[in-house]
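The primary structure of each chain is shown beneath.
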Amino acid sequence: MTIQFNEETFRDDYSFHNSARAIKRFPFPFHEDSYMYSVNMEQHRGGPEGSVYENRFDVDEHYLAEMRDRAMVLADDPLRCQSLPHMTLAGWDLLEVIMVSKSEDYPDLFELHRDGDRWRWINKPMGIDDTFTFLDETTLPYGPMEYITRQAQGDFCILDQRDEMLWMDAGMITTQADWSLDFDIGMNFFEWHAPVPLAHELGIFTRALKFLLNIPQGAPARRLNWTMTVNPLLDTSPENYHKWGIQKTSLTPENVGSKQHLRVELQTFFRLPRSNALVFPIRCYLIAFQDLVSMPKWGRRMHRVLRELPDELATYKGFIDNRPMMLDYLSKFDDGQPTSPGVWPDPETEPPLNTEIRNHTDGNSVDHNRSA
Amino acid sequence: MNTPPQKSRPGAEQIPVVVSAIVPLNDLVTRFEFCRPDGQEFPPFSGGAHTVVEMRDHDRTRLNPYSLTSDPSDSSIYAISVRRDEQGRGGSLFMHRSVSVGDAMNITYPVNLFSLDLRAKKHLFLAGGIGITPFMSMIAQLERMTGNWELHYSVRNEALGTYVDQLRYKYPNKVHVYYSDQNQRIGLEQLLDGQSLGTHVYVCGPTGMIDQVHGAAAAAGWPEEHTHSEEFLAPQPGKPFEVRLCKSELTIQVGENESLLEAIERSGVDAPYLCRGGACGQCETDVIRADGEFVHRDHWLDDEQHSSGQKIMPCVSRFLGTLELDR
Ligand code: FES
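Model, not experiment: these values are computed from the prediction. Note that residues are indexed from 1 along each chain, following the sequence as it is written. By the order in which they are written, chains take letters starting at A while ligands take numbers starting at 1. Where totals are concerned, whole chains, interfaces and linings use all residues; where local detail is concerned, this predicted model gives features only for residues with pLDDT of at least 70, and gives and counts side-chain atom pairs only at 80 or more. Excluding hydrogens and water, the side-chain values take into account all heavy atoms of the structure.

Draft legend 1. Region of interest: the confidence of the model for chain B. All names here are of chain B. Averaged over all residues, the pLDDT of chain B equals 91, while 97% of them reach at least 70. Residue-level confidence of the predictor is what pLDDT reports, using numbers from 0 through 100. In this analysis, two residues are considered to be in contact whenever any of their non-hydrogen atoms come within 4.5 Å of each other. In the predicted structure, residues 1-7 sits below a pLDDT of 50 and forms 25 contacts with residues beyond four places in sequence or in another chain. Here the predicted complex carries an ipTM of 0.83, next to a pTM of 0.87.

Here you go:
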């Protein structure tokens with residue numbers, strides 16, 4: 001299907017919004033009514049038609065707006081894109097895998113014509129038609145990684161693999177959840193994960209590292225991660241905390257449904273063929289609470305997950321202070337009925353919200369008929 | 001997590017291929033070239049990568065790793081170079097005797113456990129005998145990137161110098177060959193001593209040679225991460241033994257000429273693997289009970305783990321006695 005790209009922003013007036021289709025395909029991360037950190041890795045080779053898992057690199061209605069936002073972030077702070085000198089080949093690898101995947105998966109939007117090393121790349125949504133020489137940096141306006149990631153949604157970390165270890169040696173990071181490429185560049189896997197609580201005790205990182213080191217070419221993997229963001233902000237970087245951190249205090253019982261967003265990262269891992277590096281695309285999806293609860297199952301489950309979440313995790317994810325207000329809001333969408341297993345919204349089979357037996361009786365009438 | 005669970009299959013993804021050429025290089029080594037039956041291109045790969053070749057030898061399936069010796073930028077073919085090993089368990093003999101041009105086979109996507117450190121200012125390659133194979137693709141890759149490299153290659157005699165002529169012809173100033181029957185030796189100490197800072201050394205060859213290079217580099221004060229090695233471990237034959245697979249509730253016999261991993265697979269149990277050469281760690285298996293003696297041959301577990309008797313790498317290691325595994 002052809003995609004209708006949204007006219008929207010991730011800053012100032014925050015006109016970001018999800019269409020009915022985008023809500024339905026949102027990658028809700030909780031497969032049961034509780035959550036514990038785990039590696040939860042699976043193969044990344046397709047998924048149900050129309051889902052965000054279907055293609056190697058998902059393109060959706062936010063594409064153009066996200067690319068505009070990235071260009072603005074880079075104009076302010078060029079260090080969001082860095083590549084150590086030995087990572088250029090990996091940058092070409094990434095350019096190749098994205099161009100090949102997108103032209104195969106979205107032939108109406110992207111075209112790649114290859115004649116030996118002479119490549120022509122057409123990106124119709126962005127109005128780009130460039131001819132260049134593969135592996136010759138002088139024929140592109142930017143380095144290969146920067147060139148292609150200015151045209152691909154999500155952040156990208158390129159990890160060099162040496163001495164049984166992964167090294168954060170290149171990246172395009174403009175939509176990150178509170179970490180900094182400029183700080184992490186050159187670090188190894190354990191160093192850049194040092195701030196994550198609980199996971200170390202569980203030995204999760206040692207196992208995850210072993211898994212990642214062995215990701216073979218031709219068999220990419222994926223997992224989901226999540227956090228919370230007030231306002232649909234893509235750029236929640238430490239560099240700009242002074243701008244966005246303060247927004248967390250702007251949450252009120254009246255605006256929590258529209259301002260509070262669940263932020264889900266679809267993390268994928270691909271072995272890069274020519275450099276043997278690993279690329280780690282982190283694709284961010286945002287959904288306002290009021291849209292989330294339009295799927296009755298998600299409303300019930302979100303409430304239960306947040307209620308049970310250990311304090312350490314709520315603190316680490318940065319919403320411990322707002323949690324009572326979030327729970328207050330979500331409780332109106334939890335009538336105590338059981339939820340079906342799995343992450344899918346199941347709108348046809350899940351019972352609508354029962355306002356009579358909902359466990360929160362504050363007397364306010366609740367608009368639960370949004371699921372048009 | 002979200003989609004119907006997709007169990008990852010053990011080993012890397014396979015590619016169906018057709019044998020397109022068989023070229024004897026000398027008395028022992030033969031080059032096999034593969035193309036794709038659908039005429040598609042092969043995926044690009046990185047210098048030093050190997051592929052695991054599946055051999056259907058009557059009722060048994062062998063899976064042997066071989067370094068890719070073709071040029072990584074040539075996506076029309078993949079090539080491997082196989083040394084005939086009369087003492088081995090038969091994989092190389094199968095390749096030499098039973099494979100013909102036009103045969104359909106399966107090989108895996110490239111896997112690289114011996115990749116170039118692209119930070120190096122210079123790559124110094126040390127090869128012994130058939131250990132030349134991973135360097136063939138590394139050299140091709142570096143030539144294309146105009147990387148700085150040098151090869152020191154020790155062979156038994158002139159007749160067995162696999163790829164010597166080709167390498168000398170193409171890179172007369174970068175290739176140095178040593179014939180052991182003429183008492184020529186790579187002068188390690190001197191060679192390492194004369195290198196500029198930022199040089200990385202890579203060695204592939206017999207165990208003795210690898211140990212020597214590691215020792216010499218350490219003695220010369222080279223940082224450990226500047227020395228890279230790959231040993232082409234093939235599972236060795238050994239006395240048959242019995243293994244209880246506790247999770248699968250099966251008891252299996254490991255034959256003289258098969259590896260523990262192969263015996264597990266033959267019994268229909270899926271076991272993880274990647275390199276099948278004791279280097280990647282993927283096949284690591286917990287031991288539940290062991291009555292007898294371990295024959296550890298892998299490069300993955302450290303000495304302490306080896307002597308603990310709690311883990312085994314079934315792709316290359318064996319056991320004398322009876323063993324119970326968590327598989
Ligand atoms: S399969 Fe790689 S170590 Fe056993």
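Past the structure itself, the notes keep going.
Draft legend 2. Main features of the domain arrangement of chain B. All names here are of chain B. Here chain B is partitioned into domain 1 (14-108), domain 2 (122-230) and domain 3 (241-325). Note that the domain bounds reflect an automated or database-derived domain assignment. Averaged C-alpha coordinates put domain 1 and domain 3 at centres separated by 26 Å. Counting residues at the interface gives seven residues for domain 1, matched by nine residues for domain 3. By buried area we mean how much accessible surface two parts lose on assembly, using a 1.4 Å probe and totalling the loss over both. When the area that domain 1 buries against domain 3 is broken down by residue, the three leading residues are Arg-60, Leu-63 and Arg-89, summing to 62%. Criterion for a salt bridge: a side-chain nitrogen of Lys or Arg within 4 Å of a carboxyl oxygen of Asp or Glu. Between domain 1 and domain 3 we count one salt bridge in total. Close ionic contact of Arg-60 with Glu-262 constitutes a salt bridge, the shortest N to O distance being 3.9 Å. In protein, a polar contact requires one atom able to donate a hydrogen and another able to accept it; more generally it is a pair of N or O atoms within 3.5 Å, and residues adjacent in sequence count only if both atoms are side-chain atoms. Counting the contacts that link domain 1 with domain 3 gives two residue pairs in polar contact (both at pLDDT 80 or more). Secondary structure elements follow DSSP: runs of H or I no shorter than four residues count as helices, runs of E no shorter than two count as strands, and numbering proceeds from the N terminus. Broken down by secondary-structure element, the contributors of at least two residues to the side of domain 1 that touches domain 3 are strand E3 (50-57) and strand E4 (60-67).

Draft legend 3. Quick look at the sheet that holds strand E16 (residues 318-325) of chain B. Residue and element names in this part refer to chain B. In this analysis, strands are considered paired if DSSP registers two or more bridges between them. The five strands are arranged E13-E12-E16-E14-E15 in an open sheet whose pairing can be described as mixed. The open sheet has two edge strands with one neighbour each: strand E13 (250-254) and strand E15 (311-312). Pairing between strand E14 (residues 285-295) and E15: two bridges, direction antiparallel. Within the sheet, the bridge partner assigned to Thr-285 lies in E15 and is Ile-312.

Draft legend 4. Quick look at helix H3 (residues 88-105) of chain A. One less than the number of residues in a helix, times 1.5 Å, gives the span that helix is expected to have. A rise of 1.5 Å per residue sets the reference length of H3 of chain A, with its 18 residues, at 26 Å; its end C-alpha atoms lie 26 Å apart and thus fit the reference within 8%. A large share of H3 of chain A lies buried, amounting to 14 of its 18 residues. Only protein chains enter the accessibility calculation, which uses a 1.4 Å probe; a residue is then buried when its area is under 20% of its type maximum, exposed when over 50%, and partly exposed in between.

Draft legend 5. Quick look at helix H5 (residues 207-219) of chain B. Residue and element names in this part refer to chain B. Between the first and last C-alpha of H5 there are 18 Å, a value that for 13 residues agrees with the 18 Å anticipated at 1.5 Å per step. Those residues of H5 that sit buried are Met-209, Ile-210, Val-213, Ala-216 and Ala-217. Burial along H5 is one-sided: seen end-on, the buried residues are contained in an arc of 135 degrees. Structural note: H5 exposes Gln-212, Ala-218 and Ala-219 on the side pointing more than 90 degrees away from its buried face. Buried residues in H5 make contact with strand E7 (122-128), helix H4 (188-193), strand E10 (199-204) and strand E11 (227-230). Gly-221 lies just past H5 and shows a positive phi near 80 degrees. Arc, as used here, means the arc of the directions from the helix axis to the C-beta atoms.

Draft legend 6. Region of the structure containing the packing of aromatic side chains. Pairing of aromatic rings covers Phe, Tyr and Trp, the last counted by its six-membered ring, and requires centre-to-centre distances within 6.5 Å; plane angles under 30 degrees mean stacked, over 60 mean edge-to-face, and any other angle means tilted. The full count for this structure, using the stated rule, is 32 aromatic pairs over all chains. With 6.3 Å between their ring centres and 25 degrees between their planes, Phe-289 of chain A and Tyr-329 of chain A make a pair best called stacked. In this pair, Phe-289 of chain A is assigned in helix H10 (residues 289-292) and Tyr-329 of chain A in helix H13 (residues 323-331), connecting sequence segments 40 residues apart. Judged by relative accessible area, Tyr-329 of chain A falls into the buried class, the value being 12%. Look at Phe-45 of chain B and Tyr-78 of chain B: their rings are 5.4 Å apart centre to centre, the planes differ by 85 degrees, and that puts the pair in the edge-to-face class. Placement of Phe-45 of chain B in the loop between strand E2 (29-35) and E3 and of Tyr-78 of chain B in strand E5 (residues 78-83) is noted, with a sequence separation of 33 residues between them. What makes Phe-45 of chain B buried here is its relative accessible area of 1%. Given the relative accessible area of 0%, Tyr-78 of chain B is considered buried.

Draft legend 7. Region of the structure containing the nonpolar core. Residue and element names in this part refer to chain A. Definition used in this section: a nonpolar core is a set of buried Ala, Val, Leu, Ile, Met, Phe, Trp, Tyr and Cys residues joined via side-chain atoms within 4.5 Å. Counting residues in each nonpolar core, the largest one holds 63 residues, and the members touching the most others are Leu-166, Phe-189, Trp-226, Met-228, Leu-262, Met-302 and Leu-306. In terms of residue count, the dominant contributor to this core is helix H7 (residues 204-213) (six residues). Residues Leu-74, Leu-109, Phe-156 and Val-279 belong to the second largest nonpolar core, which totals 37 residues.

Draft legend 8. Examining the interface of chain B and chain A more closely. Contacts between the two partners involve 29 residues from chain B, matched on the other side by 33 residues from chain A. In this assembly, chain B packs against chain A so that about 2700 Å² is buried in total across both faces, 51% of it on carbon and sulfur atoms. Joining chain B to chain A, the criterion identifies three salt bridges. Seen at the junction of chain B and chain A, the total is nine residue pairs in polar contact (both at pLDDT 80 or more). Residue composition of the side of chain B that touches chain A, grouped by class: twelve nonpolar, eleven polar and six charged. Throughout, the ten residues Ala, Val, Leu, Ile, Met, Phe, Trp, Tyr, Cys and Pro are labelled nonpolar, Asp, Glu, Lys and Arg are labelled charged, and all others, Gly among them, are labelled polar.

Draft legend 9. Region of the structure containing the packing of helix H11 (residues 296-308) of chain A against H13 of chain A. Residues and elements named next belong to chain A. Orientation of H11 relative to H13, taken along the N-to-C sense of each, is 150 degrees, at an axis distance of 9 Å. In this view, H11 runs roughly antiparallel relative to H13, as classed from their interaxial angle. The way H11 lies across H13 gives a crossing that is left-handed. In this structure, H11 uses Met-302, His-303, Leu-306 and Arg-307 to contact H13, whose residues at the interface are Arg-323, Met-326, Leu-327, Leu-330 and Ser-331. For the contact of H11 with H13, a count of residues per class yields five nonpolar, two polar and two charged. Here, axes are lines fitted to C-alpha atoms. For helices the fit covers the stretch in contact, and angles between N-to-C directions go from 0 to 180 degrees. The scheme is simple: roughly parallel for angles under 35 degrees, roughly antiparallel for over 145, roughly perpendicular for 65 to 115, oblique for anything else. A crossing counts as left-handed when the near helix is turned anticlockwise from the far one by less than a right angle, and as right-handed when that turn is clockwise.

Draft legend 10. Geometry of the pattern of salt bridges. Within this structure, the stated rule accounts for 45 salt bridges over all chains. Residues Arg-162 of chain A and Asp-117 of chain B are paired through a salt bridge, measuring 3.9 Å at the closest nitrogen-oxygen approach. Here Arg-162 of chain A, found in strand E6 (residues 155-162), pairs with Asp-117 of chain B, found in the loop between strand E6 (104-108) and E7, and the two come from separate chains. Note on Arg-162 of chain A: relative accessible area 8%, which makes it buried. Two residues, Lys-297 of chain A and Asp-346 of chain A, come together in a salt bridge whose shortest N-O distance is 3.2 Å.

Draft legend 11. Here's a closer look at the pairing of E2 of chain B. Residue and element names in this part refer to chain B. Burial analysis of E2 places six of its seven residues in the buried class, the great majority of the element. Relative to E2, strand E1 (residues 14-24) runs antiparallel, the two sharing six bridges. Of the residues in E2, the one forming a bridge with Pro-24 is Thr-30. The antiparallel hairpin formed by E1 and E2 contains four residues in its connecting segment. Both E2 and E5 contribute to a ladder of six bridges, which runs antiparallel. Looking at the pairing, Glu-33 lines up with Ala-79 of E5.

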